[in-house]
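Residue-level structural notes
Read off the chains here:
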Amino acid sequence: MNTHARLVQDYEAGIGVTASPISPAPDPGSNLAATLPVWALAAGSVAALTAAANRMRAARGLAPVAHRIDPARITAAFSSERLLRIGGQLPTQFADLSGFFPTFDGWVRTHANYPHHRARLLATLGLPDSVPVDLAVARIAMIRASDLEEQASAQGAIAVRVRTEEEWTASPEGQAAAAGPLVAIDRRADRGEAGLPTGAAPLQPLRGLRVLDLTRVIAGPVATRALALLGAEVLRVDPPQLPEIPWQFADTCQGKRSALVDLRTSGLDDLIAAADVLITGYRPGALERAGVRAAARPGLIHGRVSAWGEAGPWGERRGFDSIVQAASGISILEGAPSVPGALPAQALDHASGYLLAAGVIDALVARAGDGIGRDVRVALARTASWLLSAPDRTPRHPAAAEPSAAQVVRHGQVVTAPPVLPEYPDYAWPAPTYGADRPAWPLPTH
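Residues numbered from 1 in each chain as written. Predicted model: local features only at pLDDT ≥ 70, side-chain atom pairs only at ≥ 80, totals over all residues. Heavy atoms only, no water.

What follows concerns the nonpolar core. For soluble globular proteins, the rule of thumb is that nonpolar side chains tend to be buried together. Counting residues in each nonpolar core, the largest one holds 92 residues, and the members touching the most others are I74, F78, W308, Y354 and V360. Sort the elements by how many residues they give to this core and helix α2 (residues 38-59) lands first, with 13 residues. Look past the residues within four positions of W308 in its chain and what remains in contact with it is V160, W168, A177, W314, R317, R318, G319, I323, V324, A327, A379 and A381. One finds L121, L125, A157 and A159 within the second-largest nonpolar core, a separate group that totals 17 residues. (Core = buried A, V, L, I, M, F, W, Y, C linked by side-chain atoms within 4.5 Å. Buried < 20%, exposed > 50% of the residue type's maximum accessible area, 1.4 Å probe, protein only. Helix = DSSP H or I, 4+ residues; strand = E, 2+ residues; numbered from the N terminus. Contact = heavy atoms within 4.5 Å.)

What follows deals with the pattern of salt bridges. Inspection of the entire model under this criterion finds 26 salt bridges. The closest approach of N and O atoms between R163 and E173, which form a salt bridge, is 3.7 Å. With R163 in the loop between β4 (159-161) and α8 (165-170) and E173 in helix α9 (residues 172-178), this residue pair connects regions lying 10 residues apart in the sequence. Taken as a pair, R163 and E173 share a single burial class, namely buried. (Salt bridge = Lys/Arg side-chain N within 4 Å of Asp/Glu carboxyl O.)

The subject of this paragraph is the packing of α2 against helix α17 (residues 380-389). When two helices pack together, their arrangement is given by the angle between the helix axes and by the axis-to-axis distance. Following both chains from N to C, one finds α2 and α17 inclined at 125 degrees, their axes separated by 9 Å at the closest point. Considered as vectors, α2 and α17 are oriented oblique to each other. Considering how the two elements wind past one another, α2 and α17 form a crossing that is right-handed. On α17, the residues touching V38, A40 and L41 of α2 are T383, W386 and L387. Split into classes, the residues belonging to the contact of α2 with α17 amount to 5 nonpolar, 1 polar and no charged. (Axes fitted to C-alpha atoms, helices over the stretch in contact; angles between N-to-C directions. Parallel < 35°, antiparallel > 145°, perpendicular 65-115°, else oblique. Left-handed = near helix turned anticlockwise from the far one by under 90°. Nonpolar A, V, L, I, M, F, W, Y, C, P; charged D, E, K, R; others polar.)

Spatially, 3 strands are ordered β1-β13-β12 in an open sheet, and the strand pairing comes out antiparallel. One side of each edge strand has no neighbouring strand; the edge strands of this open sheet are β1 (85-86) and β12 (409-411). Bridge count between β12 and strand β13 (residues 414-416): 3 bridges; the pairing is antiparallel. Residue H411 lies in a different strand from β13, and its bridge partner there is V414. (Pairing = 2+ DSSP bridges.)

Closest axis-to-axis distance for the α2/helix α16 (residues 347-370) pair is 9 Å, and the angle between their directions is 15 degrees. Relative to α16, the element α2 lies roughly parallel. Seen along the crossing, α2 lies across α16 with a hand that is left-handed. Residue-level contacts link V38, L41, S45, V46, A48, L49, A52, A53, R55, M56 and A59 of α2 to A347, L348, A351, Y354, L355, A357, A358, I361, D362, L364 and V365 of α16. Per-class residue counts for the contact of α2 with α16 are 19 nonpolar, 1 polar and 2 charged.

What follows covers unusual backbone geometry. In this chain, W441 is followed by P442 through a cis amide linkage whose omega measures -10 degrees. Looking at the element boundaries, P442 is found in the segment after β13. The residue V217 is not glycine, and still its phi comes out positive at about 70 degrees. Structurally, V217 can be placed in the loop between β6 (210-214) and α10 (219-229). Note on V217: relative accessible area 13%, which makes it buried.

This part takes up the environment of V409. Position of V409 among the secondary structure elements: in strand β12. Linking V409 and Y427, residues 18 residues apart in sequence, is a C-alpha distance of 9.3 Å. Contacts of V409, omitting those with residues within four sequence positions, involve V414, V415, T416, A417, P418, P425 and D426.

Next up on the list: the sheet that holds strand β5 (residues 184-191). The strand order β5-β11-β10-β9-β6-β7-β8 describes an open sheet built from 7 strands, whose pairing is mixed. The open sheet terminates on both sides in strands that have one partner only, identified here as β5 and β8 (257-260). Each neighbouring strand pair of the sheet contributes to a mean axis angle of 20 degrees, computed without reference to strand direction. Here strand β9 (residues 277-280) runs beside strand β10 (residues 301-306); their pairing, made up of 4 bridges, is parallel. Pairing of L278 across the sheet is with H302, part of β10. Lying over the sheet, α16 contacts β5, β9, β10 and β11 (372-379), oriented at roughly 165 degrees with respect to β11.

Rendered as structure tokens:
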């Protein structure tokens, strides 16, 4: 069995649907070369999405689409930040205090791309925002890695100790991350109307379905971008007090609308009440504290993405792809204890995004029959545990090559990767102006 087919089978067994026939997919070789089987994770997550899309087509009486697994498209999509150009320039991917830093007794990896996360990290170090970076690095070098990890968590900052695979597997947080299905779909008590709207087409099997997107960074936006590609009407809502990183928005908001809502003064109940799907990336309880009530829509499909899973000792902690790699042992596997490394792409994020989209589609198919609301959950650390347990490691491998510069689409000053599915030459439209749309359904016709 191809390892990527194993992922599809693990996904489908976990949610309780009949296994799909999965065709072999050629390994692209050096584009996603790594010790761990990153290509299997990438191809498998995309194959899971296409299988779910065909289950939706069957539910709507549409002919299936024989989706191809295209190595060039997949490697471009998973490495999209390397292909992105805005005004001819490659944006800076990580801020000055995001990365690996030596500590008194090991390494930590930090994430401080957002200004508020940078401020919290500096506060953890007891330093002002204006401090030179070299002084912050020197302060990190004086602290034990585990102490910095705990102090950062207490401050709401993001820093983890770089662990070995064995350390992570033996830890309570690592065991919690590996528990449960790859994608969890849980029925709730609420029930709405069964059935599906009319008007879908084979390449637009989600047409007529509304998705409210409250996510940022990569995994959640990749999921909602995939749902938009398949025809869903997606409205992304961001808080005006926390501006988004522009290049990330340009890279993951194609085919969606964008609005700003201050949840401290305005609720989202009306938007949720008319939506079919809500996608969130909040930590447990944060959604409710912000005044967002998923119960405003009986039968809602609520897709949830987290770093560590919603249970276990790290369920309340923040995290990103790079942070999960560092904590779970991936960074040492892809580098060395003396010099940690990284996967050739932010594959945990992208794969989790496509798996979340697949789970949402399968939950919508199930709701069409019974009207029951469902929660769909993915976690970057659960995706990482699948990758760590997968066979076919290649410790001796060439350096990962850059994605092909031919695999791009151009819209004015913005160059981005095309959709991961080769049946679609481009998204319906490029990322819109940030916050330009009204927070209302229905949205204006593009």
